[in-house]
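So you can see what is in the structure, the chains are spelled out below.
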There are 2 protein chains.
Amino acid sequence: MPAASSHAISDNSFDAAARDAVYEAIFTRRDVRSHFLPETIDDSVLARLLLAAHHAPSVGYMQPWNFIVIRDARRREQIRDLFLDARRQEAENIEGDRQALYRKLKLEGICESPLNLCITCDRSRSKNSPLGRWHNPEMDLYSTVCAVQNFWLAARAEGIGVGWVSILDSDALKCLLGIPGHVVPVAYLCVGRVSEFAPRPDLETHGWGKRLPLPDLIMSEIFGGTGEQRLKRAVNATQFSAAAVNRPEI
Amino acid sequence: MPAASSHAISDNSFDAAARDAVYEAIFTRRDVRSHFLPETIDDSVLARLLLAAHHAPSVGYMQPWNFIVIRDARRREQIRDLFLDARRQEAENIEGDRQALYRKLKLEGICESPLNLCITCDRSRSKNSPLGRWHNPEMDLYSTVCAVQNFWLAARAEGIGVGWVSILDSDALKCLLGIPGHVVPVAYLCVGRVSEFAPRPDLETHGWGKRLPLPDLIMSEIFGGTGEQRLKRAVNATQFSAAAVNRPEI
């Protein structure tokens, strides 16, 4: 790994180019629903992405995840049908003036992407050693989400788009994929090479929402605590917040 | 961002060095409990880490997170006391032959690290537009975890260690930090520069667990589905699985 060789001995930070690459993956990652190309993903590339996911942190070193690779077109059509049912139900529960916009949004690429991946959490995996879960049993689900995010960022670096479909009835999905009761399908992902990564999140482009100003989300010492003014000024002065985040190509 | 400039026009992937930097952050990230140095973190660096967190994916573009920066030594002692209470309770629930090992493990750096960060999820933030949460209301918690993982990986690139303390009673923590009922403290993090990043996860070094073989976690088409043999062989053949993952310095 070339990036490692240029580290200073007394400093654990990456060199500037390597550090920027990590930020670039973070800032240009998108929840992809369009622009999927039909080409298959090499096994060698998918293997790297899964290794990235598998190196997520996990509570008590539980590694509660499994990775179901779904390629079969018929099965994906069935899951697409589940999505359509779920979207219909959700649409009815969206506020009146937002429903029309909701119905226009493209919210999945289940059949267009060359493969789907269901990342699950086996809640029984550490039943004998629940380190870190006595007070917060949901930590295994959170660990699984960390694996999803590792996968997503590695995919961005490989030029592969990932879209997380959360508009699905979990019980119906479990039934279709034969997932047992003690296992939770945490994320259903559409995965594939893309013609482009959109410069901004789709939901921003289509007027569903805006990025909140980060300084408004920072609190000092307690919830709602004011203070940290110097930090908030530093946020606003951050160079790549202008360069990387707002530049149209990123 | 230098990494971007070397992209081929027809390819959205990073160049090899930039791609490797992303994998290096993923593979060398650690859940840090020891080796914290007392030096403060520059506001400019913390600002970058928070921007990374803030650019996580979020369901319906909800951005449900807040970031409580905790520096006060007395407050951190109080939280350390909460941890000690919680660890005592958890220890009693660990299997007999594992209890002695559990009690030896160092599981937090609340007072040694220069700052703590509580990342919360405001579950009411998108009450008028719950896109993607009708069937899976927990998606806002998952989005917040994605923010945690972005923060963690960016911190690794900056040479900053992060440890997630999950051995805490949430209600007691909420009381101490004045967190209202509709807000969930998803992650309590210890953050600081470190003298080293351990070559392996602490829980592996101390014999609590081993990394599971990734091929055993891959399934084909349905839960438990065999197949994907070529992909599993590709996992075992992945070059950096030998170089980066097993090399002692990584």
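Residues numbered from 1 in each chain as written. Chains lettered and ligands numbered in written order. Predicted model: local features only at pLDDT ≥ 70, side-chain atom pairs only at ≥ 80, totals over all residues. Heavy atoms only, no water.

A. Main features of the overall build of chain A. The number of helices and strands found in chain A is 10 helices and 5 strands. Across its three principal directions, the C-alpha atoms of chain A cover 50 × 50 × 40 Å. Here chain A has roughly 9500 Å² of accessible surface; of this, 50% comes from carbon and sulfur atoms. Computed over 30 positive and 31 negative side-chain charges, the separation of the two mean positions in chain A equals 1 Å. (Helix = DSSP H or I, 4+ residues; strand = E, 2+ residues; numbered from the N terminus. Areas by Shrake-Rupley, 256 points an atom, 1.4 Å probe, with all protein chains shown as cover. Lys, Arg positive; Asp, Glu negative; His and termini not counted. Charge placed at Lys NZ, Arg CZ, Asp CG, Glu CD.)

B. View of the domain arrangement of chain A. Domain annotation for chain A reports domain 1 (29-200) and domain 2 (210-240). When each unit is reduced to the centre of its C-alpha atoms, the spacing between domain 1 of chain A and domain 2 of chain A is 31 Å. (Domains from an automatic or database assignment.)

C. Molecular detail of the sheet that holds strand β1 (residues 65-70) of chain A. On the basis of which strands lie adjacent, the open sheet formed by 5 strands has the order β3(A)-β4(A)-β2(A)-β1(A)-β5(B) and mixed pairing. What marks the edges here is a single partner per strand, and that holds for β3 (160-164) of chain A together with β5 (218-220) of chain B. Here the average twist between neighbouring strands, direction ignored, is 30 degrees. Judged from the 5 bridges that link them, β3 of chain A and strand β4 (residues 183-193) of chain A form a sheet pairing that is antiparallel. Looking at the pairing, isoleucine 160 of chain A lines up with arginine 193 of chain A of β4 of chain A. (Pairing = 2+ DSSP bridges. Axes fitted to C-alpha atoms, helices over the stretch in contact; angles between N-to-C directions.)

D. Seen up close, the packing of aromatic side chains. Going through the model one piece at a time under the given rule, you end up with 8 aromatic pairs over all chains. One aromatic cluster is present, formed by Tyr142 of chain A together with Trp152 and Trp164 of chain B through successive ring pairs. In this structure, arginine 156 of chain A packs its charged tip against the face of phenylalanine 197 of chain A, placed 3.9 Å from the ring centre. (Phe/Tyr/Trp six-rings, centres within 6.5 Å; stacked < 30°, edge-to-face > 60°. Lys NZ or Arg CZ within 6 Å of the ring centre and 35° of its normal.)

E. Structural detail: the sheet that holds strand β3 (residues 160-164) of chain B. Strand order in this open sheet of 5 strands is β5(A)-β1(B)-β2(B)-β4(B)-β3(B), and the pairing throughout is mixed. Across the chains shown, the open sheet's two edge strands, defined by having one partner strand only, are β5 (218-220) of chain A together with β3 of chain B. Each strand of the sheet is rotated relative to its neighbour by a mean of 30 degrees, with strand direction disregarded. One ladder, built from 8 bridges, connects strand β2 (residues 115-122) of chain B with strand β4 (residues 183-193) of chain B; its direction is antiparallel. Looking at β4 of chain B, one finds that leucine 117 of chain B is bridged to leucine 189 of chain B. Taken strand by strand, helix α3 (residues 43-54) of chain B contacts β5 of chain A together with β1 (65-70), β2, β3 and β4 of chain B, and its axis lies near 155 degrees from that of β1 of chain B. (Contact = heavy atoms within 4.5 Å.)

F. The arrangement of the environment of leucine 115 of chain B in detail. Residues and elements named next belong to chain B. Tracing the chain through its elements places leucine 115 in strand β2. Relative accessible area serves as the criterion here: at 1%, leucine 115 is assigned to the buried category. C-alpha of leucine 115 to C-alpha of proline 201: the two residues are 86 residues apart in sequence and 22 Å apart in space. Excluding its chain neighbours within four sequence positions, the residues that come into contact with leucine 115 are Ile41, Leu46, Ile70, Arg71, Arg76, Leu189, Cys190 and Val191. (Buried < 20%, exposed > 50% of the residue type's maximum accessible area, 1.4 Å probe, protein only.)

G. Region of interest: the relation of the copies chain B and chain A. Screw-axis analysis of chain B against chain A gives a translation of 0.0 Å along the axis, an RMSD of 0.0 Å, and a rotation angle of 180 degrees. Such values leave the two copies arranged in the relation of a two-fold axis. Closest to the rotation axis within chain B is the C-alpha of valine 22 of chain B, separated from it by 2.6 Å. Interface overlap between copies: 100% of the residues of chain B at the interface are likewise at the interface in chain A, consistent with a symmetric, same-surface contact. (Least-squares fit on C-alpha atoms with pLDDT ≥ 70 in both.)

H. Seen up close, helix α7 (residues 170-177) of chain B. Residues and elements named next belong to chain B. All buried positions along α7 are accounted for by Leu173, Lys174 and Leu177. Buried residues of α7, seen end-on, are gathered within an arc of 100 degrees and therefore sit on one face of the element. The exposed set on the far side of α7, more than 90 degrees from its buried face, consists of Asp171 and Cys175. Considering only its buried residues, α7 is in contact with β1, α4 (73-92), β2 and β4. Here α7 starts with a cap whose side-chain oxygen sits 2.9 Å from the backbone nitrogen of aspartate 171, and that cap is aspartate 169. Count one or two residues on from α7 and you reach glycine 178, which has phi positive near 65 degrees. (Arc of directions from axis to C-beta. Polar contact = N/O pair within 3.5 Å; in protein donor to acceptor, adjacent residues only side chain to side chain.)

I. Region of the structure containing the pattern of salt bridges. Overall, the coordinates contain 34 salt bridges over all chains when judged by the stated rule. The closest approach of N and O atoms between arginine 48 of chain A and glutamate 158 of chain A, which form a salt bridge, is 2.7 Å. Separated by 110 residues along the polypeptide, arginine 48 of chain A in helix α3 (residues 43-54) and glutamate 158 of chain A in the loop between α6 (139-157) and β3 bring together distant segments of the chain. The class for arginine 48 of chain A is buried, based on a relative accessible area of 15%. When salt bridges that share partners are traced, they join Asp43 and Arg71 of chain A together with Glu228 and Arg230 of chain B into one network. (Salt bridge = Lys/Arg side-chain N within 4 Å of Asp/Glu carboxyl O.)

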